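Residue-level structural notes
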Amino acid sequence: MEFKIATIPGDGIGPDIVREGCRILQTIGKKYGHKFIFTETLAGGVSIDKTGEPLPEATLNVCKASDAVLLGAVGGPKWDHLSGDKRPEKALLGLRGEMKVYANMRPAVMFPQLSAACPLKPEIVKNGLDILIVRELTGGIYFGDRGRSEDGLSAWDTEAYTSEEIARIITIGFDSAMKRTKKLCVIDKANILETSRLWREVTESIKGNYPEVSLSYMYVDNAAMQLVRNPGQFDVIATSNMFGDILSDEASQITGSIGMLASASLGESGPGLYEPIHGSAPDIAGKDIANPLATILTCAMMLRYSLNCEREAAAIEAAVYSVLDAGWRTGDIAGDALSDKIVGTRKMGDLVVEALEALEA
Ligand code: NAD
């Protein structure tokens with residue numbers, strides 16, 4: 001098969017980790033007979049510097065014409081003085097909105113080899129951790145009406161959802177649960193918010209299509225507690241944009257490292273947007289120490305969700321697993337690893353390439 005991949009390296013560590021992701025896809029291409037055609041394009045701070053805009057029209061056109069988009073990260077202190085629409089982060093909201101990718105899938109997986117990096121007590125995570133958060137991405141308070149009064153002394157942001165927006169994300173939640181342990185928890189604030197009550201109504205109207213899925217509801221404040229008290233109770237979580245943003249960062253931390261976590265953003269049809277969940281990490285940019293595994297695992301999600309290549313996705317995951325098993329670590333996941341096993345970005349990419357090549361096709 002031939003796949004067109006738009007790449008957006010972006011800022012900070014973005015170019016280094018996207019480079020490693022592309023190498024892994026090329027290795028997959030060689031091994032399984034696919035051709036990946038990469039088109040690099042601009043967004044974020046680097047784009048502001050070159051074009052004056054965080055998300056040029058040309059970038060959107062390349063992305064929309066591709067089979068999938070691989071994004072590194074955008075933003076950094078150089079552009080922090082800019083306001084609102086002029087900031088690099090505007091590119092993220094713009095891309096998500098324009099590509100109509102309304103479902104953000106964020107797995108929070110704790111690799112057993114990294115359990116020492118988990119900040120929770122060992123007995124809480126003794127059975128490992130594997131949660132999938134399905135976050136609504138193009139609605140709710142991040143996209144609702146916002147403003148300031150004329151005197152500047154009051155401000156508002158609006159949480160608004162239509163039943164259609166809710167139904168499509170809840171359906172992805174149920175579909176994902178069917179592929180996993182058939183457990184779905186919808187997280188909301190239905191004791192206070194009218195939008196949450198609509199989320200529940202819509203969920204109730206859909207649940208009959210999924211009689212095998214065990215459905216539960218939880219208030220978001222309780223969910224924030226439960227994620228650290230007993231994370232093993234969750235399998236698939238479906239929730240709104242802002243709650244999902246906060247809970248998925250919390251879930252990422254209990255897995256031990258932000259440098260390991262992938263994400264996919266999907267729409268009805270059209271290309272998916274794939275990015276590691278971490279940011280541009282300006283503190284370590286240009287030092288060849290960023291962990292590329294989140295991006296590499298993001299490429300596995302791309303193969304699984306957009307390119308219909310499950311076997312290839314599983315191969316990447318197996319290669320990462322074996323590299324970790326052999327004790328190799330980047331600095332962020334080093335824990336008490338032997339110093340001669342601590343490697344940089346490029347070397348970690350080399351190790352995954354070698355592990356992939358060594359796997360049986
Ligand atoms: P960050 O995720 O960039 O960094 C947080 C911490 O994690 C830092 O100490 C960093 O060194 C470390 N880290 C992150 N990724 C790592 C990796 N792959 N390997 C090793 N260590 C890693 O978050 P931040 O510092 O809050 O934000 C930095 C910039 O990134 C800001 O401009 C922010 O707006 C932007 N940002 C962008 C995205 C995105 O593009 N999707 C997401 C979050 C933040």
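Whatever comes next refers back to the structure up there.
Residues numbered from 1 in each chain as written. Predicted model: local features only at pLDDT ≥ 70, side-chain atom pairs only at ≥ 80, totals over all residues. Heavy atoms only, no water.

With that settled, consider the side chain of Asp16. Structurally, Asp16 is set in helix H1 (residues 14–32). A relative accessible area of 17% places Asp16 in the buried class. Those residues in contact with Asp16 that lie beyond four places of it in its chain are Gly286 and Thr345. (Helix = DSSP H or I, 4+ residues; strand = E, 2+ residues; numbered from the N terminus. Buried < 20%, exposed > 50% of the residue type's maximum accessible area, 1.4 Å probe, protein only. Contact = heavy atoms within 4.5 Å.)

Attention now goes to the pairing of strand E9 (residues 214–219). Looking along a regular strand, one sees side chains alternate from face to face of the sheet. Here strand E8 (residues 183–188) runs beside E9; their pairing, made up of six bridges, is parallel. Counted as the bridge partner of Ile187 is Met218 from E9. Handedness of the crossover joining E8 and E9 through helix H6 (residues 194–206) is recorded here as right-handed. (Pairing = 2+ DSSP bridges. Right-handed = clockwise from strand over helix to strand, strands pointing away.)

Moving on: the site of the ligand. Taken together, 20 residues sit near the ligand, with Val74, Glu89, Gly279, Ala281 and Asn291 positioned nearest. Contacts to the ligand include Gly76, whose backbone N or O atom sits 3.0 Å from an oxygen atom. Interatomic distance of 2.9 Å between a backbone N/O atom of Asn291 and a nitrogen atom of the ligand. If the ligand stood free it would expose 810 Å²; the protein chains cover 69% of that surface. (Near = heavy atom within 4 Å. Polar contact = N/O pair within 3.5 Å; in protein donor to acceptor, adjacent residues only side chain to side chain. Areas by Shrake-Rupley, 256 points an atom, 1.4 Å probe, with all protein chains shown as cover.)

On to the packing of aromatic side chains, then. Two numbers describe a pair of aromatic rings. These are the distance of the centres and the angle of the planes. Counted by the stated rule, this structure contains five aromatic pairs. Arranged with centres 6.3 Å apart and planes meeting at 15 degrees, the rings of Phe36 and Phe38 form a pair that is stacked. We classify Phe36 as buried; its relative accessible area is 10%. Judged by centre distance (4.7 Å) and plane angle (5 degrees), the ring pair of Phe174 and Tyr210 falls under stacked. Of this pair, Phe174 sits in helix H5 (residues 163–179) while Tyr210 is found in the loop between H6 and E9, placing the two residues 36 residues apart along the sequence. Look at Phe174 and you get buried, because its relative accessible area is 0%. (Phe/Tyr/Trp six-rings, centres within 6.5 Å; stacked < 30°, edge-to-face > 60°.)

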